[in-house]
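# Secondary and tertiary structure notes
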Amino acid sequence: MNISFFNTYISPGAKHKVAEVLDSGLLSEGRLTQEFEDTLKSLFAWKNTICLNSGTSALHLALDILDIGPGDEVILPAQTFVATGLAVLYCGATPVFADICYEDGNIDPESVRLKITSKTKAIFAVHWGGYPCKLDELKALTANKNIVIIEDAAHALGASYKHQSIGTVSDITCFSFQAIKHLSTGDGGAICINDSELYEKAMRKKWFGIDRKNAPLSELGERIYNLNEVGFKYHMNNYAAALGLANLENYTTRLESRRKIAEYYKQELRSMASVQLFEESNDCKSAYWLFGFHVKNQLQLIKKLKTLGVPASVVHQRIDRNAIFGGTNHDLKNQALFDSTQVHIPMHDAINETTATYIIESLKKSL
Ligand SMILES: Cc1ncc(COP(=O)(O)O)c(C=O)c1O
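Residues numbered from 1 in each chain as written. Predicted model: local features only at pLDDT ≥ 70, side-chain atom pairs only at ≥ 80, totals over all residues.

## Quick look at the overall build of the chain
- In terms of regular secondary structure, the chain is built from 12 helices and 13 strands.
- Taken over the C-alpha trace, the chain has a radius of gyration of 21 Å; the compact-globule value for 367 residues is 21 Å, and the two agree within 12%.
- For the chain, the spread of C-alpha atoms along the three principal axes comes to 75 × 55 × 35 Å.
- Expressed as a percentage of the 367 residues in the chain, the buried residues total 47%.
- Restricting to contacts in the chain with at least 6 residues of sequence separation, those with at least 24 account for 72%. (Helix = DSSP H or I, 4+ residues; strand = E, 2+ residues; numbered from the N terminus. Rg over C-alpha atoms; globule rule 2.2 N^0.38 Å. Buried ≥ 20, exposed ≤ 12 C-beta atoms within 10 Å, placed from the backbone. Contact = placed C-beta atoms within 7 Å.)

Written as structure tokens, this is what we have:
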């Protein structure tokens, strides 16, 4: 059996849709980008969204529109991909690593409370594997403070927090549509912003700082504008949007399949004494970009599964260990424990009943 750990989903209709864009010659941002944004908004009940060329761009843009810079601190978990921390460094701000909850890998509000200083300007709430963070507890910590919660929902498209769609809960939410994400545009991302002024600012800054709507063409043929802020080239182009639109068509069904596989994994693993499942609350729904759990014999299990043709992995190792972030923070006790016991098994569109059964049988033989 050939099982991959990650998978790139490309809908059968995608080739045609992308070819249409190539034939049209209209490759850059355009009608399809707008259509993709509108479809995302209606599917996930988002107030607004701006599609971008990556999730990393979304994270950077989020900090940039808040004017976060040198001297400011941004709190984040180490249990994430380096993109979350790099976005902070792009702004010249200081990443401050908080501990996670061992039970689900998400940032621990109590640790965040201890890390808040007068310099804290934002908190990155990374929904690890697609399961939402404790957003109410984080919100309570920022009440009456000038601190913005930015959700890094790179893993959480379609997840819900207390029955609310992720993308509608906090002031700013960032998504990724990178190749192996649930919804891929090749590379791409999106940002949802509640405040209308910040939204307009992001609209300008995603395209060099030029306000397209109010920059008409002059008689000489050049747009009329006068840049007074640094902008970026972060917009999403039409052919990425075409791929996104095609892949979005059956997104709800695909997400349901993931949830069914997760239910099956949980049901089978629950009774196994050596496995500790990640905790989930009834009023939150994961998007299951990943499926993880804890075991004591992590390396042994990963090696044994490999011999049976089942790829398993720790996926991202804590990012603070990288020299650029200052090296491992030894005060993150739950993180250290999580590092030594977390294991993730395949969870993607190519997993069906047969492969899921084989994965579970292999796990039972290996534990
Ligand atoms: C948690 C998290 N945040 C941000 C990103 C960055 O997204 P992108 O690759 O679209 O830039 C990733 C990427 O995989 C991620 O896993």
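## A look at the sheet that holds strand β8 (residues 172–176)
- Strand order in the open sheet formed by 7 strands is β1-β9-β8-β5-β4-β2-β3, and the pairing between neighbours is mixed. In this open sheet, the two strands that pair with only one neighbour each are β1 (50–52) and β3 (94–98). Neighbour-to-neighbour, the strand axes of the sheet open up by a mean angle of 25°, direction not taken into account.
- Summarising the sheet, strand β2 (residues 73–77) and strand β4 (residues 120–126) pair through 3 bridges and their orientation is parallel. Bridge pairing in β4 links Glu73 to Thr120. (Pairing = 2+ DSSP bridges. Axes fitted to C-alpha atoms, helices over the stretch in contact; angles between N-to-C directions.)

## Focus on unusual backbone geometry
- Its identity as a non-glycine residue notwithstanding, Asn144 has a phi of 60°, on the positive side.
- One can find Asn144 in the loop between α6 (135–142) and β5 (148–152).
- With 5 C-beta atoms counted inside 10 Å, the residue Asn144 sits in the exposed group.
- In the Ramachandran plot, Phe208 falls in the positive-phi region, its phi being about 65° despite a non-glycine side chain.
- Positionally, Phe208 belongs in the loop between α7 (196–205) and α8 (238–248).

## Some details on the nonpolar core
- Ala62, Leu63, Ala122 and Ile191 are the most contacted members of the largest nonpolar core, which has 104 residues in total.
- For this core, the element with the most residues is α8, which contributes 7 residues.
- Split by domain, this core shows at least three residues from each of two domains, domain 1 (14–248) and domain 2 (251–366).
- Residues within four places of Ala122 in sequence aside, it is in contact with Leu63, Leu66, Ile68, Val74, Ile147, Val148 and Ile150. (Core = buried A, V, L, I, M, F, W, Y, C linked by C-beta atoms within 7 Å. Domains from an automatic or database assignment.)

## Concerning the environment of Gly209
- The topology assignment puts Gly209 in the loop between α7 and α8.
- When the C-alpha atoms of Gly209 and Cys174 are compared, they prove to be 20 Å apart, with 35 residues separating the residues in sequence.
- Leave out the neighbours within four places in its chain, and Gly209 touches Arg204, Leu227, Glu229, Val230 and Gly231.

## Let's talk about the domain arrangement of the chain
- In terms of domains, the chain is made up of domain 1 (14–248) and domain 2 (251–366).
- Using C-alpha coordinates to define each centre, domain 1 is positioned 26 Å away from domain 2.
- If you look at the interface, domain 1 gives 35 residues, while domain 2 gives 29 residues.
- Where the side of domain 1 that touches domain 2 is concerned, the elements lending two or more residues are α4 (82–90), β3 and β6 (160–161).

## Structural notes on the site of the ligand
- In the neighbourhood of the ligand, 14 residues make up the surrounding shell, with Ser54, Gly55, Thr56, Ala154 and Ser176 lying closest.
- In terms of residue class, the shell around the ligand is made up of 4 nonpolar, 9 polar and 1 charged. (Near = placed C-beta within 6 Å. Nonpolar A, V, L, I, M, F, W, Y, C, P; charged D, E, K, R; others polar.)

## Focus on the packing of helix α3 (residues 55–65) against α7
- Remark: α3 packs on α7, axes separated minimally by 10 Å, with the N-to-C direction vectors making an angle of 125°. Judged by the inter-axis angle, α3 sits oblique to α7. Where α3 crosses over α7, the handedness of that crossing is right-handed. Contacts from Leu61, Asp64 and Ile65 of α3 reach α7 at Leu198, Lys201, Ala202 and Lys205. (Parallel < 35°, antiparallel > 145°, perpendicular 65-115°, else oblique. Left-handed = near helix turned anticlockwise from the far one by under 90°.)

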